[in-house]
Amino acid sequence: MARTALVTGGTRGIGEAISIALKNAGYNVAATYAGNDEKANAFKAQHGIAVFKWDVADPEASAAGVAKVEAEVGPIDVLVNNAGITRDGMFHKMSFEQWREVLSTNLDSMFTVTRPVIDGMRERGFGRIINISSINGQKGQMGQANYSAAKAGVIGFTKALAQENARKGITVNVIAPGYIATDMVMAVPEKVREGIIATIPVGRLGEAEEIAEAVVYLAGDKAGFITGSTLTVNGGQYIAG
Ligand code: NDP
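What counts and how
- All residue numbers refer to positions counted from 1 along the written sequence of the respective chain.
- Residues qualify for local features only when their pLDDT is at least 70, as the model is predicted, and side-chain atom pairs are given and counted only at 80 or more; totals for whole chains, interfaces and linings, by contrast, use all residues.
- A run of H or I in DSSP counts as a helix once it spans at least four residues, and a run of E counts as a strand once it spans at least two, with each numbered from the N terminus.
- For the radius of gyration, the atom set is restricted to C-alpha positions; the globular benchmark scales as 2.2 Å times the number of residues to the power 0.38.
- Backbone-placed C-beta atoms define the burial measure: a residue is buried with 20 or more other C-beta atoms within 10 Å of its own, exposed with 12 or fewer, and partly exposed in between.
- In this description, any two residues whose backbone-derived C-beta atoms lie within 7 Å of each other are considered to be in contact.
- Two strands pair under a simple rule: DSSP has to find at least two bridges between them.
- For the handedness criterion, the strands are oriented away from the viewer, and a crossover whose path from the first strand over the helix to the second runs clockwise is classed as right-handed.
- In this analysis, the expected span of each helix is defined as 1.5 Å times one less than the number of residues it contains.
- A residue counts as near a molecule or strand when its C-beta atom, positioned from the backbone, falls within 6 Å of it.
- Three classes are used, and their members are as follows: Ala, Val, Leu, Ile, Met, Phe, Trp, Tyr, Cys and Pro are nonpolar, Asp, Glu, Lys and Arg are charged, and the others, Gly among them, are polar.

1. Section: the overall build of the protein
Working step 1: Across its full length, the protein holds 9 helices and 7 strands.
Working step 2: For 241 residues, the compact-globule formula gives about 18 Å, and the C-alpha radius of gyration of the protein, at 17 Å, lands near that figure.
Working step 3: Expressed as a percentage of the 241 residues in the protein, the buried residues total 42%.
Working step 4: Of the contacts made within the protein by residues no fewer than 6 positions apart, 70% connect residues no fewer than 24 positions apart.

Shown next, in the form of structure tokens:
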């Protein structure tokens, strides 16, 4: 029987590519989003992938959303915690709201979405949890103290959860993308983008599909001995030890 995968923020950008790649690999896929109904409905119509709307920062909404996905699509075997936002600014000018929004969407969501999923995975003795961090959680980035903190937190969370669940057939890993040619990155002025590309040894931005392929690999049976790891997919821009 086909396995079920839940991709948060799975209707747009990197998440969209992940949802499509998992569907093409034979999974039943559910993709979540926050508020962009137009994009989510177009994605659903184009790809025949079920979409669910809730705020991953909200624990009650996430518990209810996961229950709905499991009732309508199936028990979740693969969870991709991908939803994320930025609210950039130098720390000395950053508001607590900018901090709180980024921490709750990018890091609280690790709790709110994974917590209602983990019991079922433990009972069934199989699970794949793939958390999307960022190069900027590994190296820190000026203007992103909030985002860097949240994305570094994702890595610590992953290492702990991997150890707790290793005997239950569940692997938990991080993918840390570098700069990927999504709307967000393509929206920056061309000159700035060229400056970024100059710092990437491979000499180009990454493609969302290149993150998606890494997800499909980590989700598969053959990746069962990989847990607690961080897979960097960044064109060599930051090579962690
Ligand atoms: P996008 O902004 O293109 O898409 C974000 C997705 O997450 C959308 O589907 C959005 O829904 C959803 N989302 C945002 N906030 C919430 C929320 N509170 N609750 C539920 N869903 C939410 O992002 P990217 O594809 O660029 O990024 C995806 C992930 O990859 C993020 O975690 C990001 O931090 C990380 N990343 C991205 C990089 C890049 O270069 N783009 C580099 C490194 C990491 P809606 O459409 O409704 O807004």
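Resuming the write-up.
2. Focus: the pairing of strand β3 (residues 50-53)
Working step 1: Where strand β2 (residues 28-33) and β3 come together, 4 bridges link them in parallel fashion. The residue bridging A30 from the neighbouring strand is A50, located in β3.
Working step 2: One crossover worth recording links β2 to the parallel β3 by way of helix α2 (residues 37-47), and it is right-handed.

3. What to know about helix α1 (residues 13-24)
Working step 1: End to end, α1 covers 17 Å across 12 residues, agreeing with the expected 16 Å (1.5 Å per residue, within 8%).
Working step 2: The element α1 is extensively covered by neighbouring structure, given that 10 of its 12 residues are classed as buried.
Working step 3: When α1 is considered as a whole, its buried residues turn out to be G13, I14, G15, E16, A17, I18, S19, I20, A21 and L22.
Working step 4: G26 occupies a position one or two residues after α1 and carries a positive phi of about 105°.

4. Quick notes on the site of the ligand
Working step 1: Neighbouring residues of the ligand: 30 residues in total, closest G9, G13, A34, N36 and G84.
Working step 2: Looking at the shell around the ligand, the elements that each hand over two or more residues are α1, β2 and α7 (183-186).
Working step 3: Each residue belonging to the shell around the ligand can be placed in one class, and the counts come to 13 nonpolar, 13 polar and 4 charged.

5. Quick look at the pairing of strand β1 (residues 4-7)
Working step 1: Relative to β2, β1 runs parallel, the two sharing 4 bridges. The residue of β2 that forms the bridge with V7 is A31.
Working step 2: With α1 bridging β1 and the parallel β2, this β-α-β connection has right-handed handedness.
Working step 3: Strand direction decides the pairing type here: β1 and strand β4 (residues 76-81), joined by 4 bridges, are parallel. Looking across to β4, one finds that A5 is bridged to V78.

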